[in-house]
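Letter by letter, the chains look like this.
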Amino acid sequence: MENSIQTRLAQIKSTLPTGVELVAVSKTHPVEAIQSAYDAGQRIFGENKVQEMTAKSNILPSDIQWHFIGHVQKNKIRMMAPYVAMIQGVGSYDTLVEINRQAGKCGRVIPCLLQLHVATEETKFGFTIEECTQMLEEGSWKSLTDIEISGVMGMASNTTDQDQVAREFKMLRDFFDYCKERFFSNSPAFRTISAGMSGDYPIAIAQGSNLVRIGSSIFGERDYSATNK
Ligand SMILES: *Cc1c(COP(=O)(O)O)cnc(C)c1O
């Protein structure tokens, strides 16, 4: 039986080119909504609060791949380390170190994306291109064997100026290419460009994104008043 979540999911998936994966961003939405998308075949879900993601993961099918897409607080890493499939949005070297430590305790290798600050807004987290280059050049990250740096993640400015959005996504793409060649040419795992949300994912894909994070276009608008945001 199809419901509106399944209809919207199918519609979006039909527009994604081969090779572009979908994270269904389920933050604030109930487990029933996630189960509907799961029943339609979706397996990757994104959440931005560790407690909420953990509670949901305890109830929902165990083959779901949970991507943490929020701001990573170091004291919350331990809670998700046993099960998280990917931590997107790592914005500091210290955070990589702590993820590595917690992954090691669980006997896991946790895939991580480096979040780049490519938007003009101050509020978005992440490395600047310069900071990230410096961190990679410095080289200590190579000793972190319980994480796998799998690519980059970014958010464009929240603007109607589509050229600006495209320029920001291109900046992310160019930085990915630079890193791939300079630091990760022997690492097949470094292959993900996570970019694009409901409002801008076609632009992100045109600029090379291969992982889109789509929430409201699948699940509807979020009601933050119903949760602790
Ligand atoms: C909420 C969120 C999304 C999804 O946003 P929509 O506009 O609902 O598609 C994508 N990425 C991040 C990092 C988010 O926090």
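Residues numbered from 1 in each chain as written. Predicted model: local features only at pLDDT ≥ 70, side-chain atom pairs only at ≥ 80, totals over all residues. Heavy atoms only, no water.

(A) Up close: the pattern of salt bridges. Summed over all chains, the structure comprises eight salt bridges. Its salt-bridge partner being D63, residue R43 comes within 3.2 Å of it at the nearest N-O pair. Taken as a pair, R43 in the loop between α2 (31–39) and β2 (44–47) and D63 in the loop between α3 (50–59) and β3 (65–68) lie far apart in primary sequence, 20 residues in all. One salt bridge connects R101 with E98, and the closest N-O pair in it is separated by 2.9 Å. Residue R101 and its partner E98 are both found in helix α5 (residues 93–105); the two are separated by three residues, about one turn of the helix. A cluster of three or more residues bridged by salt bridges with shared partners is formed by E47, E52 and K56. (Salt bridge = Lys/Arg side-chain N within 4 Å of Asp/Glu carboxyl O. Helix = DSSP H or I, 4+ residues; strand = E, 2+ residues; numbered from the N terminus.)

(B) Looking closely at the packing of helix α6 (residues 129–138) against helix α7 (residues 162–182). In contact at an axis separation of 12 Å, α6 and α7 are set at 10° when each is read in the N-to-C sense. The angle between the axes of α6 and α7 places the two elements in the roughly parallel class. Each of I129, C132, T133, L136 and E137 in α6 lies in contact with α7, whose residues at this interface are M171, F175, Y178, C179 and R182. Classifying every residue of the contact of α6 with α7 gives seven nonpolar, one polar and two charged. (Axes fitted to C-alpha atoms, helices over the stretch in contact; angles between N-to-C directions. Parallel < 35°, antiparallel > 145°, perpendicular 65-115°, else oblique. Contact = heavy atoms within 4.5 Å. Nonpolar A, V, L, I, M, F, W, Y, C, P; charged D, E, K, R; others polar.)

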